[in-house]
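# Understanding the architecture of this molecule
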Amino acid sequence: MMLATTVSSNPFLIYPATIVARRQEAPDIVNLRLVLNDPLVRRRFRFHPGQFNMLSVMGVGEVAISIVSDPDEPEWLDHTIRLVGRVTRVIGRLEKGEVLGIRGPFGQGWPMDAARGYDVLVVTGGLGCAPVMGAIDYMFRRRSEYGTIKILHGVKTPQDLIYRERFDEWRSQPNTEVYLTSDEPGKTWHYHIGVVTELFDRVAVDPDRTVVMMCGPEIMMRVALGKLTHRGLRPDRMYVSLERRMECGIGLCGHCQMGPYFLCHDGPVMRLDRILPWLGKRGI
Amino acid sequence: MTNAIPQILPKSGFPRLIEALRAHHYRIVGPVVRDGALHWDEIAGVEDLPIGWQDTQQPGQYRLERTETTTWFGIVHGPDSIKRLTFVPREPLLTIERKAKKVTVTPQMPEPTPTALLGVRACDVAGLLVHDRIFLQGRYADPYYQVRRDALLVIAVNCTRAHKTCFCASMGTGPRAQSGYDLALTEFEDEFLVSVGSEKGREIIELLELPSASPAYQRQEQERIDACAASQVRGLQEQHRLPQGLYEVHEHPRWETVAHRCLACANCTMVCPTCFCHTVEDHPDLSHTRNERVRLWDSCFTPQHGMIHGKNFRPTIADRYRMWLTHKLASWIDQFGVSGCVGCGRCLTWCPVGIDLTEELHALMRENVDQATP
């Protein structure tokens, strides 16, 4: 069991993983399914919904990407990546069969225990839906443990909608509501047109028995959180997944600070009452 | 052990301490004068020490001069804190090799020579303990730091002279080394008082069979250290209002006025004994089959520190200065239970424009925020 010791004692060590499936979700968004090469490491790898991995491209560097697949199937690790940065642009050129490095999983994920017995309101914008995907899968595998699941998701244009088939599948489930909206109209768009916060008017929320999971652009989240607070939702029952530069994933490199928190290990999912003083502040 | 009576080591007997360290297989790194400043380097013996030299430090100013004295440790410190021995500026982390589709990853564990660090100031010992909290006592222990830290024997020198930028007394970190040292010396004209701070230190000093210092001698030592503390002209007066006090002045106009002077050169973060921000780079060879992943010092004053896919969360120098000062003096306390400032004063001395963090904090925390002046 030397390996077990090595794995835990060097948080910088990366583990080779092979791309077993690659899907172009949008012109600048790709979904990669990774499988860790070492069977021992693969068997030991468990993650919590909302956690992320550091993905490595040899000779280029590392980037923090949330795990979007089902935490109950940890042998597959799906990552949805927007190809906009130095490392992600190279990741976007990799083909099926090529090898990446993985470190992880890191960070605090969604409050699956605290949400048990509650209705769950999921509010996401754009690629912000990615980190919540695993949490939704998790709840559907334990459907009786959670109340009504309401999913509100907004995109800029109809072409930005990814995971369409997963949203459709959830929509057909009992005790589940899915609302999609696009800022701009489109020929194939049969859903709402407008920003995601407009959907709040259509959704009944019981403030006393609802937990909120939210991820998207900060400006969207601030407006949404304000509206939900106004409707009586408690800050200690609302959770947001936040994004800053993360270079190490283990709270040591100093980049991802938001107030007193290192988002890579105190977050990325933060309970609203803890992070509220820092949200939307200039230069934070 | 640490409360044991200090012993007297005559300067003429100092080579015996060096021999004892060598017998324990330590190489000896001490303060040496080079390029007009004090640096850490390997020393062969007492003759390499900057005997007779003194430093003058002011915000934005550092001068060394040779004096008539025969003081061995007359220079308080230079731009290098001791962090470069444990949190090294360039640390190779991994070698990643690729042959066809097979990728092999090998950790590059450092193999440091056991090192006795001679002449460490109380502020730097305090800085080392801050780094121990960050790199060893958090959720993840850093194995690279651990290996280098374990190889270190710390021989502190208590300060009996402060300069204008020192404020360790107000931070509670000096002028006497508080803990975290193996041996601590206080310099007198012809001898040192030696205090033992650890079992490792005791094993070394036992070999020398030194006489104990009399109570009168110990009083004299304390008086010299107290006088050094009393001579310090700066202090972090508003400490008791931290961390919350700094969080509350996030919108203070002073951030803008200090940004007019700040060059964002990152000197303060490089010379700081506790600043720990780092970045990781991949350095591939020309054939792209072998890659070295290295950790390098980084600074929150660089534009890319707060950058994420094209967006910069801290676009202005005011944002970066606020990030640095608020982290150092406030959020550090929430994160690690101690201040990120040990009062060494290097960030004042080595700031090209002489920005004084004690003055900035004072200006930010004055009751009437409207009175802030450039």
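In this text the structure is predicted, and so the values were computed from the model without any measurement. (Residues numbered from 1 in each chain as written. Chains lettered and ligands numbered in written order. Predicted model: local features only at pLDDT ≥ 70, side-chain atom pairs only at ≥ 80, totals over all residues. Heavy atoms only, no water.)

Counting its secondary structure elements, chain A contains 7 helices and 15 strands. For 284 residues, the compact-globule estimate of 2.2 N^0.38 gives 19 Å, and the C-alpha radius of gyration of chain A, at 19 Å, lies within 12% of that figure. Counting only C-alpha atoms, chain A reaches 55 × 45 × 40 Å along its principal axes. With 284 residues in all, chain A has 62% of them scored as buried. Within chain A, counting contacts between residues at least 6 apart in sequence, those at least 24 apart form 69% of the total. For chain A, the computed accessible surface area is about 11100 Å², with 51% contributed by carbon and sulfur atoms. Counting 36 positive and 32 negative side-chain charges, chain A places the averaged centre of each group 3 Å from the other. (Helix = DSSP H or I, 4+ residues; strand = E, 2+ residues; numbered from the N terminus. Rg over C-alpha atoms; globule rule 2.2 N^0.38 Å. Buried < 20%, exposed > 50% of the residue type's maximum accessible area, 1.4 Å probe, protein only. Contact = heavy atoms within 4.5 Å. Areas by Shrake-Rupley, 256 points an atom, 1.4 Å probe, with all protein chains shown as cover. Lys, Arg positive; Asp, Glu negative; His and termini not counted. Charge placed at Lys NZ, Arg CZ, Asp CG, Glu CD.)

The next point concerns the packing of helix α9 (residues 254–261) of chain B against helix α13 (residues 357–365) of chain B. Any two packed helices are characterised by how steeply their axes cross, that is the angle between the axes, and by the distance between the axes. Residue and element names in this part refer to chain B. At a closest axis distance of 10 Å, the pairing of α9 and α13 adopts a crossing angle of 155 degrees. In terms of orientation, α9 lies roughly antiparallel with respect to α13. Contacts between α9 and α13 involve R254, W255, V258 and R261 from the first element and E359, E360, A363 and L364 from the second. For the contact of α9 with α13, the residue count by class is 4 nonpolar, no polar and 4 charged. (Axes fitted to C-alpha atoms, helices over the stretch in contact; angles between N-to-C directions. Parallel < 35°, antiparallel > 145°, perpendicular 65-115°, else oblique. Nonpolar A, V, L, I, M, F, W, Y, C, P; charged D, E, K, R; others polar.)

Another point: the pairing of strand β4 (residues 53–58) of chain B. Residue and element names in this part refer to chain B. Bridge analysis of β4 against strand β5 (residues 61–66) gives 6 bridges, and the strand direction is antiparallel. Residue pairing across strands places Q57 opposite Y62, the latter belonging to β5. Counting the residues that bridge the hairpin from β4 to β5 gives 2 residues, and of these G60 lies at a positive phi of roughly 75 degrees. (Pairing = 2+ DSSP bridges.)

As a further point, take a negative patch on the surface. Side chains of D160, D183, E184, E198 and D201 of chain A sit close together on the surface and give a patch of like negative charge. Checked against the element boundaries, E198 of chain A lands in the loop between β10 (192–193) and β11 (210–215). (Patch = residues over 30% accessible without salt bridge, like charges linked within 9 Å, V, L, I, M, F, W, Y side chains within 5 Å. Salt bridge = Lys/Arg side-chain N within 4 Å of Asp/Glu carboxyl O.)

Moving on to the interface of chain A and chain B. When the parts of a complex come together, some accessible area is lost, and that lost area is often used as the size of the interface. Counting residues at the interface gives 42 residues for chain A, matched by 51 residues for chain B. Between chain A and chain B, roughly 4000 Å² of surface is buried when both sides are summed, and carbon and sulfur atoms account for 57% of that area. The largest share of the area that chain A buries against chain B comes from M58, L252 and R282 of chain A, three residues that together contribute 20% of it. A salt bridge links E256 of chain B to R282 of chain A; the nearest nitrogen and oxygen atoms lie 3.6 Å apart. (Buried area = accessible area lost by both parts, 1.4 Å probe.)

Treat this as a map of the structure, not an account of what it does.
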